Amino acid sequence: MLLNQLKEITGIQDSAFLHAALKAANGDLMEAVTFLTEEHTQEPAQDMPAAEPAAWEGSAVGKQLLQNVTTALTPNNKDDLHAGDAFRPLELPKAQAEERDAAERPQEAHCAETKNRSKRKRCEVWGENPKQNDWRRTGDWPVGMKNIGNTCWFSAVIQSLFQLSEFRRLVLGYSLPQNVLESCRSHTGKRNIAFMQELQCLFALMLGTRRKFVDPSAALELLRDAFRSTEEQQQDVSEFTHKLLDWLEDAFQLAVNVRSPGNKSENPMVQLFYGTFLTEGVHEGNTFSKIETFGQYPLQVNGYRNLNECLEGAMVEGEMDEATAAQSVKYGQERWFTKLPPVLTFELSRFEFNQSLGQPEKIHTKLEFPQTIYMDRYLHCSKELIQMKREEIKRLKEQMVILQQKLERYMKYGSGPARFPLPDMLQYVLEFVTTKPAAGVSSAQGSQTALLQAQAEPHILDVPSQPNGILERKNTRTEDGACFSANSSPQQKLSRPLQASGSPAERSEHPAPHMVSEEELKLVRTCLQRWRNEIEQDVQDLKESIARINRSIEQMYCDPLLQQVPYHLHAVLVHEGQANSGHYWAFIYDQSRKSWLKYNDISVTESSWEELERDSFGGLKNASAYCLMYISDKVSHFAAGEDDGPEVGQFQREVEALPPELRHYIQEDNWQLEQEAEEWEEEQSCKIPQMEPSPASESQDLSSESGPDQTSVCEQSMRSLSSEHAMIAKEQTAKAIANTADAYEKNGVEAALCEAFHEEYSRLYLLAKETPTPQNDARLQHVLIYFLQNNAPQQVVERTLLEQFADKNLSYDERSISIMKVARAKLREIGPDDVDMEEYKRWHEDYSLFRKVSVYLLTGLELYQNRKYQESLTYLVYAYQSNTKLLRKGASRGVSESLIGLYRRKCLLKLNEVAASLFVSCEEVHVAEGISILNELIIPCMHLMNNFEISKEDLDAIEVMRSRWCSYLGREDMDAKLQMKLGELLPRLLDGSTEVIVLKEPPKIRPNSPYDLCSRFAAVMESIHGASTVTVK
């Protein structure tokens, strides 16, 4: 019953998923709905590797459920789930009043608390996500921003502005004299000052917080309040952004008025974001000229292919030359930038109103934009040169139209409705002349057959042995003139004589002349051949001329004189969805890291220009850029120059330069974070778990950087790993505690701990001494077996075992809680002189990597047995690479290298067979699939193998694969296209010494318990033991 209600409310049909939600919510329907529908962003695994769990990772129902829900809601699923919510700022407040009130009720207490700056908590994360890396910042890595209800647009805009170092300094350095603050009486002025102060606090936290993301509630509440009023109706996200910038400009103007009342030119917002342009034109025969100011420059997208075309369309409207002006042209104008701002923002108009449907629609067409754009061609100082070039382009386009019309007359020849390429028609005439009439078939019957064929297939003539050139032209005859500029090979066409085609049996089926003499046939063939050669040469000349004109047009503005004012792309704001729903995020170029970062609410991940193109250009899916932010060469060099020193610590230096009250605000927030962590950990340690928590990832966050909190980060990482390993062994530790019931009753909790400690140590020591078998690896059962087999220091072993008994997940009953508390007290007594914590951390990192290698190996072997060779190879390659690092430290640190190598080799050979078979099939789809397997899996894997100490067996396998592909060279049954593709593949296949090796990491797989992993290991090893003599150590 409850499941059906959940399905109706949430729209989710997965019964198992809904059942888990209900179970975790203790049967509370509303709580389950909240968990399922509330937005929780998770970082994609491929961008930011999953981090270890926090030392206080809990097992409370609600908190663990959010982990499960977040895992289930992948980015795509989340977009679908919140499609109706993501664009709510675009709807009118009155229409959404009830929904907004309902959505904001859970946050009312928090919003009220933000009014008191000294006490407010910016990120209450403990009830949202207990994983350490989901709430704690690492080094100087940029922070994300919490989405507090369809506010992803605010995050995208603010992050883009914050990453402008000049703007960041302006905001953080903003101050007003006391007398100005006291004299400000207007509601608008007070609101603008309050917004600026909230933005200062937000920017300060973004610089110095230890949290992974900040909460913008206070600043957003001011914006929302303004749009709730009747005077300022909310229209769209663009208006929100304009309003935000207007408020900032007004706030800075208050400071400017102290020195120079009313002088907007000294306003730093105006200096940074505003420019001017000159409009010159003709209206109703009268010329006009005016200068206007602009901030975000709007550009139409529809009908344009790239940003320069958009700008050209915006700068020129109608006709502006003197000749047309004299002929009473009613309208025409040109715009020229007279002053460009340091930050140049283009607003792309991707929404239009559909009059017939009565609703807005999004324009999904593709629009390309460059990383660097030269603005010289739009400046007033370049007016004369640009007008000359525009005239030249106009002249060239007129020429091209004439040439295309001539070409079309050749390629669509005839006077009736059906038209054909003229060279083909000459060929058809020759075929008719050379066809012999069939015996017993009357000319009337032949004519009737030909007529029926012409009606059924007016554009196709069945000529099996036609020359290639004719077939190529037949494929293009239905295309328009713009497609005629494709390259062809006139030499081949001209050197090929005109031949009759088809066998005698086939020719007899076609219409034929009643009688043709040899002299007539010779004369006709000679004339047709000469005419066809002449026509083909004319066509080729026309195509070359058109291509030459196209190149001239494309290169018209590649003049060094027009490349003096470069602007570099700083940020791209992206919208995904339709006109009435969607999600926003931003790509921002990080000058210090020299890379693109993706800011998606609380997630900040490393990205690339390729990903930006895919998500921003449009045309492929519903995602496209709606705002582009470019910065001048001077701003770009300034931002890069200030980070020439060590990249790490730049934010910390800015924090140290902040006013005392903002520094204190950051310190208070960080102190509050630690207090929350301690309170939450203590609370969780006393709870009896009701739900099995899933183990966290075994890899560390590659994006972390050393910073002012490096020591604390290292400690958290160490505690995280040891806690994870304690949790893995939880059931074994619980059994040891259960066996101490007598000691606990007779001698107390400390004696019980001592007995359990020694019994568990003895058990693990004996297991470590057992001889391993191919079907059993005891190291997977417990971290201490791994430590003992590799002769870890005694202090490391003892502390690890003591942490097992101090694990918060052992809170089953009063005895286990008492033992846990005593174990924790003893851990606190162990000082840094007793145990080398760096060494302790390294041992736990090695065991974590060992388990990861084992999981990858087992998954790869299972996939191989199921003949899923592509997926299997990726797991085996990563298992081999990580295992090599372990084996350098000792033979018992990793798994069998020869076993991984054997099945990696088998996978490669199987995949090579598949790829080669697909390639030689000559079917376009199969060829592409074969090349994809070769490029994405086989070649990267071969190059990685060559980077290690390669075995003779691997060398032989690589040679077999290379020989297979080399054997296809020069094969007669392969067409020239396929041979060309083979020629492109072979250099990469034979020599990849200079190539960057990229192999996508496989999905993370996390075993639920050591028993699951051990049973999988036994099953897989038993199944392959008969086929392989490799022993697993």
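Residues numbered from 1 in each chain as written. Predicted model: local features only at pLDDT ≥ 70, side-chain atom pairs only at ≥ 80, totals over all residues. Heavy atoms only, no water.

## Brief notes about the overall build of the protein
Piece 1. Within the protein one finds 41 helices and 16 strands.
Piece 2. Split into buried and exposed, the 1033 residues of the protein put 51% on the buried side. (Helix = DSSP H or I, 4+ residues; strand = E, 2+ residues; numbered from the N terminus. Buried < 20%, exposed > 50% of the residue type's maximum accessible area, 1.4 Å probe, protein only.)

## Re the UniProt feature "coiled-coil region" (unreviewed entry) in the protein
Piece 1. The feature "coiled-coil region" (unreviewed entry), as given by UniProt, occupies residues 379–413 in the numbering adopted here.
Piece 2. Across residues 379–413 one finds 83% helix and 0% strand; the C-alpha atoms that close the span lie 47 Å apart. (UniProt positions renumbered as here; feature names shortened; annotations may be inferred.)

## Comments concerning unusual backbone geometry
Piece 1. Phi at Asp601 takes a positive value of approximately 55°, unusual for a residue other than glycine.
Piece 2. We note that Asn791 has phi near 55°; this positive angle belongs to a residue other than glycine.
Piece 3. Relative to the elements of secondary structure, Asn791 occurs in the loop between α32 (783–789) and α33 (794–805).
Piece 4. Using a relative accessible area of 67% as the deciding quantity, one classes Asn791 as exposed.

## Quick word on the pairing of strand β12 (residues 566–578)
Piece 1. With 11 of 13 residues buried, β12 lies mostly within the body of the structure.
Piece 2. Pairing between strand β11 (residues 372–374) and β12: three bridges, direction antiparallel. Note that in β12 the partner of Thr372 across the bridge is His568.
Piece 3. Pairing of β12 with strand β16 (residues 623–632) involves nine bridges; the strand directions are antiparallel. What sits directly across from Ala571, in β16, is Met629.
Piece 4. As paired elements, β12 and strand β13 (residues 581–590) share eight bridges and run antiparallel to each other. Bridge pairing in β13 places Val572 opposite Phe587.
Piece 5. Hairpin connection between β12 and β13: a loop of two residues separates the two successive antiparallel strands. (Pairing = 2+ DSSP bridges.)

## With respect to the packing of aromatic side chains
Piece 1. Applying the stated rule across the entire model yields 29 aromatic pairs.
Piece 2. Pairing Phe162 with Phe203 gives two aromatic rings, centres 5.0 Å apart and planes at 80°, and the pair type is edge-to-face. Taken together, the residues Phe162 in helix α8 (residues 152–162) and Phe203 in helix α11 (residues 187–208) connect sequence positions 41 residues apart.
Piece 3. Of the aromatic side chains, those joined through ring pairs into one cluster are Phe369, Tyr589, Trp596, Trp609 and Phe617. (Phe/Tyr/Trp six-rings, centres within 6.5 Å; stacked < 30°, edge-to-face > 60°.)

## Some details on the nonpolar core
Piece 1. Grouped together as the largest cluster of nonpolar side chains are 92 residues, with contacts concentrated most on Phe787, Phe805, Phe919, Ile938 and Trp965.
Piece 2. Discounting residues that sit within four places of it in the chain, Phe805 has contacts with Thr733, Ala736, Ile737, Leu753, Ala756, Phe757, Glu760, Leu810, Ile819, Met820 and Ala823.
Piece 3. Counting residues in each nonpolar core, the second largest holds 70 residues, with Leu176, Val214, Met629 and Ile666 among its members. (Core = buried A, V, L, I, M, F, W, Y, C linked by side-chain atoms within 4.5 Å. Contact = heavy atoms within 4.5 Å.)

## Notes on a negative patch on the surface
Piece 1. Residues Asp742, Glu745, Glu755 and Glu759 make up a contiguous surface patch of negative charge.
Piece 2. Elements with a contribution of two residues or more to the negative patch: α30 (741–747) and α31 (749–769).
Piece 3. For Glu759, the position within the fold is in helix α31. (Patch = residues over 30% accessible without salt bridge, like charges linked within 9 Å, V, L, I, M, F, W, Y side chains within 5 Å. Areas by Shrake-Rupley, 256 points an atom, 1.4 Å probe, with all protein chains shown as cover. Salt bridge = Lys/Arg side-chain N within 4 Å of Asp/Glu carboxyl O. Lys, Arg positive; Asp, Glu negative; His and termini not counted. Charge placed at Lys NZ, Arg CZ, Asp CG, Glu CD.)

## Observations concerning helix α35 (residues 837–865)
Piece 1. The first and last C-alpha atoms of α35 sit 42 Å apart over 29 residues, in line with the 42 Å expected at 1.5 Å per residue.
Piece 2. Of all 29 residues that make up α35, 21 are buried, and the element is covered over most of its length.
Piece 3. After α35 finishes, the residue Arg867 shows a positive phi value of roughly 65°. (Expected span 1.5 Å × (residues − 1).)

## Focus on the packing of α8 against α11
Piece 1. Between α8 and α11, the least distance of the axes is 12 Å, while the angle of their chain directions is 70°. Considered as vectors, α8 and α11 are oriented roughly perpendicular to each other. Residues Phe154, Ile158, Gln159 and Phe162 of α8 form the contact with α11, whose own contacting residues are Leu199, Leu202, Phe203, Met206 and Leu207.
Piece 2. For the contact of α8 with α11, a count of residues per class yields eight nonpolar, one polar and no charged. (Axes fitted to C-alpha atoms, helices over the stretch in contact; angles between N-to-C directions. Parallel < 35°, antiparallel > 145°, perpendicular 65-115°, else oblique. Nonpolar A, V, L, I, M, F, W, Y, C, P; charged D, E, K, R; others polar.)

## Focus: the environment of Leu422
Piece 1. Mapping Leu422 onto the fold places it in helix α18 (residues 422–434).
Piece 2. Once the C-alpha coordinates of Leu422 and Arg409 are considered, the two residues, 13 residues apart in sequence, prove to be 8.6 Å apart.
Piece 3. Apart from the residues lying within four places of it in its own chain, the contact partners of Leu422 are Tyr410, Tyr413 and Ile535.

## Quick word on the confidence of the model for the protein
Piece 1. Looking at the protein, pLDDT values average 74 and 71% of them are 70 or higher.
Piece 2. Of all secondary-structure elements in the protein, the lowest mean pLDDT belongs to helix α4 (residues 61–72), at 35, while β11 reaches the highest, 94.
Piece 3. Counting interchain partners and residues more than four positions distant, the pLDDT-below-50 stretch residues 440–498 has 75 contacts. (pLDDT = per-residue confidence, 0-100.)

## Let's talk about the pairing of strand β10 (residues 359–362)
Piece 1. Bridge analysis of strand β9 (residues 351–354) against β10 gives four bridges, and the strand direction is antiparallel. Along β10, the bridge assignment pairs Asn354 with Gln359.
Piece 2. Where β9 hands over to β10, the hairpin turn is made up of four residues, of which Gly358 adopts a positive phi near 70°.

## Re the packing of helix α38 (residues 924–947) against helix α40 (residues 976–990)
Piece 1. Orientation of α38 relative to α40, taken along the N-to-C sense of each, is 10°, at an axis distance of 11 Å. Judged by the inter-axis angle, α38 sits roughly parallel to α40. Across the interface between the two elements, Val927, Ile931, Leu934, Asn935, Ile939, Met942 and His943 of α38 pack against Leu978, Lys981, Leu985, Arg988 and Leu989 of α40.

## Remarks on the pattern of salt bridges
Piece 1. Tallied over the full model, the rule gives 32 salt bridges.
Piece 2. Note that Glu392 and Arg395 form a salt bridge whose closest N and O atoms lie 2.3 Å from each other. Of the two residues, Glu392 and Arg395 are both situated in helix α17 (residues 383–411); the distance of three residues between them amounts to about one turn of the helix.
Piece 3. Note on Arg395: relative accessible area 36%, which makes it partly exposed.
Piece 4. Overlapping salt bridges bring together Glu312, Glu334, Arg377 and Arg390 as one network.

## Concerning the environment of Ala792
Piece 1. Relative to the assigned elements, Ala792 resides in the loop between α32 and α33.
Piece 2. Spatially, the C-alpha atom of Ala792 lies 9.7 Å from that of Glu839, the residues being 47 residues apart in sequence.
Piece 3. Excluding anything up to four places from it in sequence, Ala792 contacts Phe787, Val797 and Trp843.

## Overview of the side chain of His575
Piece 1. One can find His575 in strand β12.
Piece 2. Residue class for His575 comes out buried when judged on its relative accessible area of 1%.
Piece 3. Side chain to side chain, His575 and Lys362 meet in a polar contact 2.9 Å long. (Polar contact = N/O pair within 3.5 Å; in protein donor to acceptor, adjacent residues only side chain to side chain.)

## Digging into α33
Piece 1. Taking 1.5 Å per residue, 12 residues should reach 16 Å; α33 reaches 17 Å between its end C-alpha atoms and fits that length.
Piece 2. Of all 12 residues in α33, nine are buried, a share of seventy percent or more.
Piece 3. Of the residues making up α33, those classed as buried are Val796, Val797, Arg799, Thr800, Leu801, Leu802, Glu803, Gln804 and Phe805.

## Details of the environment of Asp590
Piece 1. Topologically, Asp590 is positioned in strand β13.
Piece 2. Put simply, Asp590 and Glu606 are 16 residues apart on the chain and 9.7 Å apart in space, counted from C-alpha to C-alpha.
Piece 3. Excluding its chain neighbours within four sequence positions, the residues that come into contact with Asp590 are Pro142, Ser595 and Leu597.
Piece 4. Within polar-contact distance, the side chain of Asp590 engages the side chain of Ser592 at 2.6 Å.

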